[in-house]
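# Breakdown of the fold
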Amino acid sequence: MLILGLESSCDETAAAIVSGERQVLAHRLAGQESEHRPYGGVVPEIAARAHVEALEPLVEAALADAGLRLADVDAVAATAGPGLIGGVMVGLVTGKALAHAVGKPLVAVNHLEGHALSPRLSDPDLAFPYLLLLVSGGHCQLLLVEGVGRYRRLATTIDDAAGEAFDKTAKLLGLGFPGGPAVERAALAGNPRAVPLPRPLLRSPEPHFSFAGLKAAVARVVGDYPPEDIAASFQAAVVDCLIDRTRRALARAEGATALVVAGGVAANSAVRGALSTLAADHGLRFVAPPLWLCTDNAAMIAWAGAERFAAGLTDPLDTPARARWPL
Ligand code: KG4
Ligand code: ZN
């Protein structure tokens, strides 16, 4: 089984081909960082136009990398939401056109499902159910992944996502865009105990996340401490919050076979290290996809497409693009 996957929901345009046996035959990606950098964040109109220009050449390049023709794929999977609606429409319409052209089924993939199932692409032994911390620029959730299409949400953020807080902190510290990797680099040279910062909802009986207060606190101390110390202290606060909330969710994650992390913030080594320790404390296996599979990419969309296709789940060509689409 060969699946072509397309991703265009934020600021990465991507095309990939994966097999049902977890082989990544091609994986192409075009970032738009230089186009958004002058604005310090993703500009939806610029993103949509860049997707239009980049997507078709990426599909052709991916097919060439894999030595395949479009007619060789068994289905076309495209992100159908959630995300910036202009970009989602570009990828979904392209996916529909390609699927229609060769008479193959369309699989409309929820971007979050792409992240949620991505650890099963890199780890063939990862079995359902597992507790997933999904941390990205737009989302911060704890999900019990029970099967394909079966996601029980145990917690979500009541304000900002963790990645958003990383990006805002980077902006406040003048570290540039995208912010997560820049904060992580700066934190390496800083003291994580130098700056007193809040840990919203730490040890709270309610399950959710909150990062708005932390973000505001960072804004208040900028200029009072070296940027490296602020970056390190901020990162330590985020890690404490993520670990505390995940520990709480573990108590409700009946039957979980592993603790799993996915999404862009899962690329952060402090986050990965702390989660790995938490998993070990609970006698659980810890699974984190390789870094390239954590941030947005099309291999995870192709893989989620493969899992859905194998389960008989395909979608009609009038499937709508959705800006909002909870899992
Ligand atoms: O999953 P993703 O590529 O896109 C969304 O679906 O949001 O996640 C992007 C987010 C951004 O907020 C980015 O700053 C953050 O992931 N990120 C990181 C790191 N790499 C990416 N945050 C912390 N440390 C990193 N190394
Ligand atoms: Zn994402």
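Residues numbered from 1 in each chain as written. Chains lettered and ligands numbered in written order. Predicted model: local features only at pLDDT ≥ 70, side-chain atom pairs only at ≥ 80, totals over all residues.

- In the nomenclature of an unreviewed UniProt entry, the chain corresponds to tRNA N6-adenosine threonylcarbamoyltransferase from the organism Sphingomonas dokdonensis.
- Among the UniProt annotations of the chain, the heading Subcellular location (unreviewed entry) holds the following wording: "Cytoplasm".
- The chain has a UniProt comment under Sequence similarities (unreviewed entry) that states "Belongs to the KAE1 / TsaD family." (UniProt positions renumbered as here; feature names shortened; annotations may be inferred.)

## Remarks on the site of ligand 1
- By nearness alone, 19 residues border ligand 1, and Gly137, Gly163, Gly180, Gly264 and Asn268 come closest of all.
- Going through the elements one at a time, α5 (162–172) and α6 (179–187) are the ones with two or more residues in the shell around ligand 1.
- For the shell around ligand 1, the element with the highest residue contribution is α6, accounting for four residues.
- For the shell around ligand 1, the per-class residue count stands at six nonpolar, 10 polar and three charged.
- When we break the shell around ligand 1 down by domain, the ones giving at least three residues each are domain 1 (2–116 + 294–310) and domain 2 (127–288). (Near = placed C-beta within 6 Å. Helix = DSSP H or I, 4+ residues; strand = E, 2+ residues; numbered from the N terminus. Nonpolar A, V, L, I, M, F, W, Y, C, P; charged D, E, K, R; others polar. Domains from an automatic or database assignment.)

## Some thoughts on the pairing of strand β4 (residues 75–81)
- When you tally the buried positions in β4, you get seven out of seven residues, the bulk of the element.
- Taken together, the five bridges between β4 and strand β5 (residues 106–110) define a ladder with parallel strand orientation. Bridged to valine 76 within β5 is leucine 106.
- Handedness of the crossover is the feature at issue here: the chain leaves β4, passes through helix α3 (residues 85–101), returns alongside β5, and the resulting connection is right-handed. (Buried ≥ 20, exposed ≤ 12 C-beta atoms within 10 Å, placed from the backbone. Pairing = 2+ DSSP bridges. Right-handed = clockwise from strand over helix to strand, strands pointing away.)

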